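So you can see what is in the structure, the chains are spelled out below.
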There are 2 protein chains.
Amino acid sequence: MDRVLRIGLLGCGTVGGGVVTLLSGEVDDITARTGARLEVVRIAVRDLDKASARGLPVSRDVFTTDPSAVVEDPDVDVVVEVMGGLDPAGGLIRRALELGKPVVTANKELVADAGPELYEAARAAGVDFAYEAAVAGAIPIIRPLKESLAGDRVTRVVGILNGTTNYILTKMSEEGADYAEVLADAQRLGYAEADPTADVGGHDAAAKCAILASLAFDTVVHASDVFREGIAAITATDLRVADRLGYVVKLVGIASEVDDRVGARVHPVFLPKEHPLASVRDAFNAVYVEAEAAGQLMFYGRGAGAMPTASAVVGDVIDVARNLLQTARGAAESVHRAKAIRPIEDLQTQYYVLLAVDDQAGVLADVARTFGDHGVSIAQVWQEGAGDSAQLVLITHRAREGDLQQTVGALAAMTNVRSVASVLRVESEVFAS
Amino acid sequence: MDRVLRIGLLGCGTVGGGVVTLLSGEVDDITARTGARLEVVRIAVRDLDKASARGLPVSRDVFTTDPSAVVEDPDVDVVVEVMGGLDPAGGLIRRALELGKPVVTANKELVADAGPELYEAARAAGVDFAYEAAVAGAIPIIRPLKESLAGDRVTRVVGILNGTTNYILTKMSEEGADYAEVLADAQRLGYAEADPTADVGGHDAAAKCAILASLAFDTVVHASDVFREGIAAITATDLRVADRLGYVVKLVGIASEVDDRVGARVHPVFLPKEHPLASVRDAFNAVYVEAEAAGQLMFYGRGAGAMPTASAVVGDVIDVARNLLQTARGAAESVHRAKAIRPIEDLQTQYYVLLAVDDQAGVLADVARTFGDHGVSIAQVWQEGAGDSAQLVLITHRAREGDLQQTVGALAAMTNVRSVASVLRVESEVFAS
Ligand SMILES: NC(=O)c1ccc[n+]([C@@H]2O[C@H](COP(=O)([O-])OP(=O)(O)OC[C@H]3O[C@@H](n4cnc5c(N)ncnc54)[C@H](OP(=O)(O)O)[C@@H]3O)[C@@H](O)[C@H]2O)c1
Ligand SMILES: NC(=O)c1ccc[n+]([C@@H]2O[C@H](COP(=O)([O-])OP(=O)(O)OC[C@H]3O[C@@H](n4cnc5c(N)ncnc54)[C@H](OP(=O)(O)O)[C@@H]3O)[C@@H](O)[C@H]2O)c1
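This one's a predicted model, so the numbers in the text were calculated from it and none came from an experiment.

(A) Local environment of the sheet that holds strand β2 (residues 37-44) of chain A. All names here are of chain A. One open sheet holds the 6 strands; their spatial order is β3-β2-β1-β4-β5-β6, and the pairing between them is parallel. Edge positions in the sheet fall to β3 (63-64) and β6 (129-130), since each has one partner strand and no second. Looking at chain direction, strand β5 (residues 103-105) and β6 are connected through 2 bridges and run parallel. Within β6, the residue paired with V104 across the bridge is A130.

This is the structure we're talking about:
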């Protein structure tokens, strides 16, 4: 007779519904791979009345509005948290681990806030805590970082971690359209939320960047440690300049370790067209990893959506269930050592600066002198437009962010500079080959 | 006190040397992740005299020329096979498994020949058999297929699985150069072997394609089941036509399951420029996976080289060592069910056909009639050149390979067709979005 492992689900919305569908679809294969039949025995939701409307192949009476009841139920062997939010999700997961129940979650917000701590609680309890779906949906990235690269040293992670903003930037660049216009379209098509702040402001990407940084560098990076700029200020001009210089504009999360300090930042960048991340279009996500021995790796796929995310959750469920049956634990994270966060001022990179200027002799020399005074050297500069629409486009050599910011402050104060229209970082060094 | 697990190495060449280097480099991190210190205690090589020349941080007396002694040594807990070849590697691995020792291998030839059988032997012995490095070097692809997608259903795998041929095709396309010329360059630069047959003939890619097909579709596909065509016949004209029509030419391995029959083939294809695989340049490898729930995924990185391959081997070693300590086993492959192999004649795809023809009225009509007579419909046709160098370029609609082959036979027999210069498959349907 088959063994049975019983799953308790916290939440049954977009992702939870997909999990139930997958678990009840591929039963034979999943049973073979797990070594036990997986059965969803309890599901917590907010609204019981929706239950019958969910159209899922589970009986009505598995639903409850009390998520604690799911966690505490002695019949529940494995807890899957797909309700979202910090609270009560965090407390419920802690309690499940305390009870010796492995936990699978898709909750990026929570893992960014408390992942290493929850992982340690799981380690203490001798069970698994898995969160593959929390970063980049269907793309296996947690497992490669934890397992495949366990004998290697990761030096940098660069990810396109938010589908909505990548969709908007793709459309802006392919249609030459402006931000507001494309955002409105994306909202109409359901690619962007009515309140798009979490996406376009880079908050969602920052949570994922924090998770990747913590895991890649065996430390604790919170979302609030991640320097963050969104895409709302990107203009059609920026995209045109980028294209002309051989770049595309992408919103990326970058985590790196330099001299034992961890840098983690989310902002739009100029990325060379030859870079593997440059061809990631529409709502796709991708994570590019550099490791000392493995070299350059990239992982590409769908970062969200009911079934892609559910696929990642169920992969984790099979994993933790299999380990539970063997009273074993899955791959370990290294000890999370405290490491200093590198302030953004210490970043060294190239910059693109667009200035609206008075169209008069000497302005270029004045601007160049301001850059030079702050130790920022100019790689390329040209004027666009004339008269009232005169603009200077500048690309700097590698400079310190702190120096660049002082330069920008000084530029803004110049009488013949009307405004600093754009400042974007240029990542020329993340080359594929 | 730390526990110690003792590694026996079969082979210490390119990959083996890298494994020793990695294991002796990141000792603390590896110990933390494994839960035990990993120590290389025995190494089999052919030539003991090379031992001191290897410059590796192991003492001379761990080397032996008797690989059996490594496997049988009661001091060896984990066996790492990096000697290559079917024999004696296969027998040594079987024996190690019999002795209850987990095995890690990078041997694509052997895994393509006997992977599922070795996996079953490992299952029977209750230990792990891991082979991440056997396909696409540093790229995690075995683990994602086995673990991340364990709850999903893979429908197609398309891989750029050979670095040498991808390098040659990239150079041909970027420099407009011909095959022989680029091959000679590649040999001079060490990107291609003196005898390039295994690479350019598609044999190496076919072994990897067999491994991917077996794993993706839970069955047994041998390298000899894989339909195979190499790149030696590709010309600068083919690349020019491809470019003009929005394609690149890549040597790919494609595995798919249609109606319970598994197709596995390695050959050059026209691939749309927008496809994520199209931007994989130089010696990089990539594997594109379609799964029902996860959608489209791609995994990109270095397919060979001492350190990239060693990184994958050591990731596996940590995994199997950790499981050994817990008397557990890692992720399971599903039962390998026998499935029919779909003959290439049943393939349905589009084709590009280049004909050298007599430059006279009626030849196009004659050619079109020949296609029509065999049930192959033409999507696009035009003439290039004139007089003695007149050529017809044709792109078909989707057709059955069997019908296309009969068409080609009939074309070759036509008096006004001087030769069938090229026939290549066009994969328009593997779109990213
Ligand atoms: N959607 C995606 O594409 C995606 C991708 C990656 C990760 N994630 C993550 O997956 C998690 C779930 O996302 P989702 O899109 O599935 O959210 P969702 O559609 O809003 O579903 C949330 C579910 O949790 C239930 N729930 C919420 N608060 C509850 C409470 N206090 N008590 C009981 N039940 C409660 C809701 O009940 P009702 O059904 O009764 O409202 C609903 O079933 C989030 O952490 C999200 O960040 C989502
Ligand atoms: N090289 C790559 O980039 C790469 C990438 C992926 C997978 N792989 C796979 O990894 C495996 C090893 O490749 P490699 O490039 O490291 O090969 P290699 O450089 O030729 O090394 C082979 C090693 O095995 C030893 N050896 C061979 N036959 C032996 C025997 N009968 N008894 C004892 N020792 C024996 C050799 O001894 P001596 O040193 O004394 O000659 C040598 O140390 C192969 O299966 C290959 O397909 C290689």
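(B) Broad picture of the UniProt feature "domain: ACT" (unreviewed entry) in chain A. Cross-referencing UniProt, the feature "domain: ACT" (unreviewed entry) maps to residues 352-428 of chain A in the present numbering. Regarding residues 352-428 of chain A, the helix share stands at 30% and the strand share at 40%, and the terminal C-alpha atoms are separated by 12 Å.

(C) The packing of helix α5 (residues 89-98) of chain B against helix α6 (residues 108-125) of chain B, seen in detail. Residue and element names in this part refer to chain B. Where α5 contacts α6, the two axes come as close as 9 Å, and the packing angle between them is 10 degrees. By the angle between their directions, the pair α5 and α6 is classed as roughly parallel. The crossing of α5 and α6 is right-handed. Listed contacts from α6 to A89, G90, I93, R94 and L97 of α5 are L110, A114, E117, L118, A121, A122 and A125. The residue makeup of the contact of α5 with α6, split by class, is 9 nonpolar, 1 polar and 2 charged.

(D) Layout of the relation of the copies chain A and chain B. Rotating chain A by 180 degrees about the axis while translating it 0.0 Å along that axis superimposes it on chain B, leaving an RMSD of 0.0 Å. The superposition operator between the copies reduces to a two-fold rotation axis. Proximity to the rotation axis, assessed at the C-alpha, singles out F299(A) in chain A; its C-alpha lies 2.4 Å from the axis. A share of 100% of the interface residues of chain A reappears at the interface of chain B, consistent with the copies meeting face to face through the same patch.

(E) Representation of the UniProt feature "binding site: L-homoserine" (unreviewed entry) in chain A within the structure. Residue and element names in this part refer to chain A. Mapped onto the present numbering, the UniProt feature "binding site: L-homoserine" (unreviewed entry) falls on E193. Tracing the backbone through its elements, the reader meets E193 in the loop between α9 (179-189) and α10 (197-200). The class for E193 is exposed, based on a relative accessible area of 52%. Aside from chain neighbours lying at most four places away, what touches E193 is Q187 and D199.

Rules and cut-offs
- Residues numbered from 1 in each chain as written.
- Chains lettered and ligands numbered in written order.
- Predicted model: local features only at pLDDT ≥ 70, side-chain atom pairs only at ≥ 80, totals over all residues.
- Heavy atoms only, no water.
- Pairing = 2+ DSSP bridges.
- Helix = DSSP H or I, 4+ residues; strand = E, 2+ residues; numbered from the N terminus.
- UniProt positions renumbered as here; feature names shortened; annotations may be inferred.
- Axes fitted to C-alpha atoms, helices over the stretch in contact; angles between N-to-C directions.
- Parallel < 35°, antiparallel > 145°, perpendicular 65-115°, else oblique.
- Left-handed = near helix turned anticlockwise from the far one by under 90°.
- Contact = heavy atoms within 4.5 Å.
- Nonpolar A, V, L, I, M, F, W, Y, C, P; charged D, E, K, R; others polar.
- Least-squares fit on C-alpha atoms with pLDDT ≥ 70 in both.
- Buried < 20%, exposed > 50% of the residue type's maximum accessible area, 1.4 Å probe, protein only.

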